[in-house]
Amino acid sequence: MSGFVGVAASAGLAVSSVPAVADPGSGRGGPADVRFATFNASLNRAAEGELLRDLSTGDDEQARKVAEVIQRDRPDVLLLNEFDYVAGGAAADAFRDNYLEVGQHGAAPIDYPHAYTAPVNTGVPTGFDLDRDGETGGPGDAHGFGDFEGQYGMLVLSKHPIDTGAVRTFQNFRWQDMPGATLPDDPATPEPDDWYSDEVLDVLRLSSKSHWDLPIDVDGRTVHLLAAHPTPPSFDGEEDRNGTRNHDEIRFWADYVTPGKGGYIYDDAGGRGGLRPGERFVIAGDYNADPHDGDSVDAAATQLLDAPLVRDTRPASEGAVVAAEQQGGANDEHVGPARLDTADFDDESPGNLRVDYVLPSRGLLPYDDGVFWPEPGTDLARLGDASDHHLVRVDLFVP
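Here is what the cut-offs are and how they apply
Within each chain, residues carry numbers counting from 1 in the order of the written sequence. Owing to the predicted nature of the model, reporting of local features is limited to residues with pLDDT of at least 70; listing and counting of side-chain atom pairs is limited to 80 or more, with chain, interface and lining totals taken over all residues. Side-chain measures were taken over the full set of non-hydrogen atoms in the model, leaving aside hydrogen atoms and water. For our purposes a nonpolar core is just a set of buried Ala, Val, Leu, Ile, Met, Phe, Trp, Tyr and Cys residues, chained together by side-chain atoms within 4.5 Å. The classification of residues rests on relative accessible area computed with a 1.4 Å probe and restricted to protein chains. Under 20% of the type maximum is buried, over 50% is exposed, and intermediate values are partly exposed. Secondary structure elements are defined from DSSP: runs of H or I of at least 4 residues count as helices, runs of E of at least 2 residues count as strands, and each element is numbered from the N terminus. Any two residues having at least one pair of non-hydrogen atoms within 4.5 Å are treated as being in contact. UniProt positions are given in the numbering used here, feature names are shortened, and annotations may be inferred rather than shown by experiment. Buriedness for pockets is judged along seven lines, at least five of which must meet protein on both sides within 12 Å for an open set on the 1 Å grid over protein atoms alone, while cavities are sets there where a 1.4 Å probe fits but cannot get out, and lining residues have an atom within 4 Å of a point. Grid points are joined across faces, edges and corners, and a volume is the space filled by probe spheres set on the points. The classification used treats Ala, Val, Leu, Ile, Met, Phe, Trp, Tyr, Cys and Pro as nonpolar, Asp, Glu, Lys and Arg as charged, and all other residues, Gly among them, as polar.

Colleague: Honestly, the nonpolar core in this entry has me stumped. Any pointers?
Modeller: Across soluble globular proteins, you tend to see nonpolar side chains buried next to one another. Residues Trp253 and Ile283 are the most contacted members of the largest nonpolar core, which totals 37 residues. Those elements that provide at least two residues to this core are α4 (198-201), β9 (221-228), α5 (241-256), β10 (280-286), α6 (302-305) and β11 (356-360). With residues up to four places along the chain from it excluded, the contact list for Ile283 reads Leu226, Trp253, Val257, Leu304, Val310, Tyr357, Val358 and Leu359. One finds Val34, Ile162, Val167 and Ala323 within the second-largest nonpolar core, a separate group that totals 31 residues.

Colleague: In this structure, what is going on with the UniProt feature "domain: Endonuclease/exonuclease/phosphatase" (unreviewed entry) in the protein chain? I would like to understand it.
Modeller: Summarizing the sequence annotation, UniProt attributes the feature "domain: Endonuclease/exonuclease/phosphatase" (unreviewed entry) to residues 38-389 in the numbering used throughout. In residues 38-389, the share of helix is 18% and the share of strand is 16%. The end C-alpha atoms are 10 Å apart.

Colleague: I would appreciate a short explanation of the layout of surface pockets in the present structure.
Modeller: Remark: the empty space left among the atoms is shown by a probe the size of a water molecule rolled over them. Of the voids in this model, the largest pocket is the one considered here, and its volume is about 810 Å³. Lining the largest pocket are 40 residues, with Thr231, Pro232, Pro233, Ser234 and Phe235 positioned closest to its centre. Within the residue set of the lining of the largest pocket, elements represented by two or more residues are β3 (32-43) and α5. Counting residues per element, the lining of the largest pocket draws most heavily on α5, which supplies 3 residues. Split into classes, the residues belonging to the lining of the largest pocket amount to 15 nonpolar, 15 polar and 10 charged. Lining of the second largest pocket is provided by 13 residues; of these, Trp373, Pro374, Pro376, Ala381 and Gly384 occupy positions nearest its centre. Residues of the lining of the second largest pocket, tallied by class, amount to 6 nonpolar, 5 polar and 2 charged.

Here is the structure:
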């Protein structure tokens, strides 16, 4: 296993794991094919350093299940949400060395020579009492909810090279700098959008983790992986500070990929503007918003699903249908189709939801997709508790 160069491992060959047509890797004009996936793997831990310790042995049962899910699905480019950030990529290296490159329960090992991780906003203090509990400090007063800096971070693993020199991150973009931001309102006052003071808004960042634009070199063609993990739209009060933030974290990518809408955006290096017209992209991640059900602000998810350059292939599974039928509760009242669910949440509230997305741009050619949610009674059902989320994949031809 090669180590990280900066925040990315740069050695090795990019090898697609999905059957190809027209000799996609030949460089003679045929389409390249690639499997993009996202998986909130719940590889977060309660204290700093615990994840690295767990991944250093090869004996952590949950990590073994997560690795097996990945080995069974074999994505070429994978975003992992809720993977605690460790500087230098040590946790990512340990996960690759001790879990992914070791066959789990009969599954074939898988190698990802390229990886990317970077700091996120979880646990980074703001110096303000954001949750109004009378104290300044703690997870609820950080830029993103977290007991320590980097909790619930993100990791991208890839068989294809990542152009680390062209990566854009948006960790420091301020919420108030989004025109028409959906700011939370204090219900006890007549003024609108005033839950946060001007002093708070002068520092408060939009992204609860970060937003990343990673150019992936797929056999000489660039596809931008747009990765994020917006805050859950819950765990707040009538002001809906998390729901409004979730809405605007999702809106960020919708504006970023829509020509004429992203001019206000600036990245952590000072670059301005959204994605250049004509660029191909895949939006991926746990967006904590279902287009029909759950607690998110109305139309939060559909901002992305209805964006003019975004294609929604609607990955599905039979396992989700069976789970909704067997678990009942809130699932019985849901409007959205159960087959599209990606997360197995509390049966009473909010029930199972579609919150994890892989959304390719127009110009990419999807030919298959799915959600890894094995049906009860099958051999792979034992992997259902690896996380409360399920891996989502979309297979694409890249012209």
